[in-house]
Amino acid sequence: MNAIDWSNLSFGYMKTDYNVRSYYKDGKWSTPTETGSEYIDIHMAATCLHYGQEAFEGLKAFKGKDGKIRIFRMRDNALRMISSSQGTLMAELPVEIFEEAVVKAVKLNERFVPPYGSGASLYIRPLLIGMGAQVGVKPANEYLFVVFVTPVGPYFKEGFKPTPVAILRGYDRAAPLGTGTIKIGGNYAASLVAGDKAHKMGYSAVLYLDAREKKYLDECGPANFFGIKDNTYITPQSSSILPSITNKSLMQLAEDMGLKVERRPVPEEELATFEEAGQVGTAAVISPILRVDDIDENKSYVISKDGNAGPVSTKLYNKLRGIQLGDEPDTHGWVTVLD
Ligand code: PLP
Ligand code: COI
């Protein structure tokens, strides 16, 4: 293997040694086993191909100063995948099998976990798909769960430098009572056109508004939104946003730091009052927002006056990263340290 340039990795796919798979057949999940193949042999009438029976997750592992590997909030991802299964009538994968497969995939690919200090991490991508053949719109009777890993750098090439985001009123990501709260491929397919348009206009992401009234902030394409003002961490409440595990962690850390935390509908106009704002997620970590442009209304909300990340976002970022790397005590029991 050529040496990996850990400090210059982007967020992309790199082949690793193994992935881990468990099959659901006759009502039972098989013991997770490894394979070196990057391919899946799939029936042409599998429900994942036709009717979108597909869910995925994203979590990360980190190498600490002590050389130990830590996986962040794995159980929360397992539970969210169960919620995605319930929303798409897929077989539910037990938390224990999810965790066993994730740990196995990380351990078997240990040489791909980026070293402490590189700024990179090992991205873990669990995937659940309907494998059984159906032609009518019905759930499959067989499923495949796969976990692969790949070393990654920052999701946005700017890293922790603030980037502009766009409101594009002509597009919705998810319906108010649709599938926005679960992590399924269809939501991302629905976001590709708007995302592409925003990227071509120089924005890092789309900031979606609520689909019903187009009045409140929902979330960004690949991440939740938060704003800071008056010593308060504010994040939208809505029936169409993904419950981000990073956002949940930051709400807790903000509270620990003495900030007030508000989860409530956030009208677009409130953007004018935020001292700081950011996109948050496993891949995005905290990506500070420079400016929000409402393209169709020709309005612009400047968030970062000097082009740098604000003090609260920086403090939250350092605290979160510190816990993930093992530099800070894991007081909330979020980290699984591998032996
Ligand atoms: N919102 C969307 C649409 C996402 O794709 C993600 C990424 O997983 C998030 C939010 C952030 O969630 P988490 O912090 O659990 O990664
Ligand atoms: C993540 O943050 O894990 C995501 O899934 C975001 C994106 C890569 C889809």
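By the naming in an unreviewed UniProt entry, the protein chain goes by Branched-chain-amino-acid aminotransferase and is assigned to Dysgonomonas hofstadii. The record held by UniProt for the protein chain lists under Sequence similarities (unreviewed entry) the comment "Belongs to the class-IV pyridoxal-phosphate-dependent aminotransferase family." Quoted verbatim from the Cofactor (unreviewed entry) field of the UniProt record, the comment on the protein chain reads "pyridoxal 5'-phosphate".

Draft legend 1. How the structure looks around the site of ligand 1. Among the 16 residues in the neighbourhood of ligand 1, the closest are listed as Tyr188, Glu219, Ser244, Thr246 and Thr282. Contact distances for ligand 1 include 2.8 Å between an oxygen atom and a side-chain N or O atom of Lys183. One nitrogen or oxygen atom from the side chain of Tyr188 is found 2.4 Å from an oxygen atom belonging to ligand 1. Taken by itself ligand 1 offers 380 Å² of open surface, and the protein chains cover 96% of this. Among the detected pockets, ligand 1 sits in the largest pocket. Contributing elements (two or more residues each) for the shell around ligand 1: α6 (245-256) and β15 (276-281). Its residues assigned to classes, the shell around ligand 1 shows 6 nonpolar, 6 polar and 4 charged.

Draft legend 2. Molecular detail of the site of ligand 2. What surrounds ligand 2 is the set Phe11, Phe56, Gly58, Tyr123, Arg125, Tyr155, Lys183, Tyr188, Pro222, Thr282 and Ala283. A distance of 3.5 Å separates an oxygen atom of ligand 2 from a polar atom in the backbone of Thr282. Between Ala283 and ligand 2, the recorded distance is 2.8 Å, taken from a backbone N or O atom to an oxygen atom. Surface burial for ligand 2 is 89%, taken as the share of its 280 Å² of free accessible area covered by protein chains. Residue composition of the shell around ligand 2, by class: 7 nonpolar, 2 polar and 2 charged. When residues of the shell around ligand 2 are assigned to domains, at least three fall in each of domain 1 (19-152) and domain 2 (163-325).

Draft legend 3. Seen up close, the environment of Arg70. Among the structural elements, Arg70 can be located in strand β6 (residues 69-72). Among the polar contacts made by the side chain of Arg70, one reaches the side chain of Asp66 at a distance of 2.8 Å.

Draft legend 4. Layout of the environment of Ser10. With respect to the helices and strands, Ser10 occurs in the segment before β1 (19-25). Take Ser10: its relative accessible area is 51%, and that puts it in the exposed class. Separated by 327 residues in sequence, Ser10 and Val337 place their C-alpha atoms 25 Å apart.

Rules behind the numbers
- Residues numbered from 1 in each chain as written.
- Chains lettered and ligands numbered in written order.
- Predicted model: local features only at pLDDT ≥ 70, side-chain atom pairs only at ≥ 80, totals over all residues.
- Heavy atoms only, no water.
- UniProt positions renumbered as here; feature names shortened; annotations may be inferred.
- Near = heavy atom within 4 Å.
- Polar contact = N/O pair within 3.5 Å; in protein donor to acceptor, adjacent residues only side chain to side chain.
- Areas by Shrake-Rupley, 256 points an atom, 1.4 Å probe, with all protein chains shown as cover.
- 1 Å grid on protein atoms, 1.4 Å probe; cavity = no way out; pocket = protein on both sides within 12 Å on 5 of 7 lines; lining within 4 Å.
- Sits in = over half its atoms within 2 Å of the grid points.
- Helix = DSSP H or I, 4+ residues; strand = E, 2+ residues; numbered from the N terminus.
- Nonpolar A, V, L, I, M, F, W, Y, C, P; charged D, E, K, R; others polar.
- Domains from an automatic or database assignment.
- Buried < 20%, exposed > 50% of the residue type's maximum accessible area, 1.4 Å probe, protein only.

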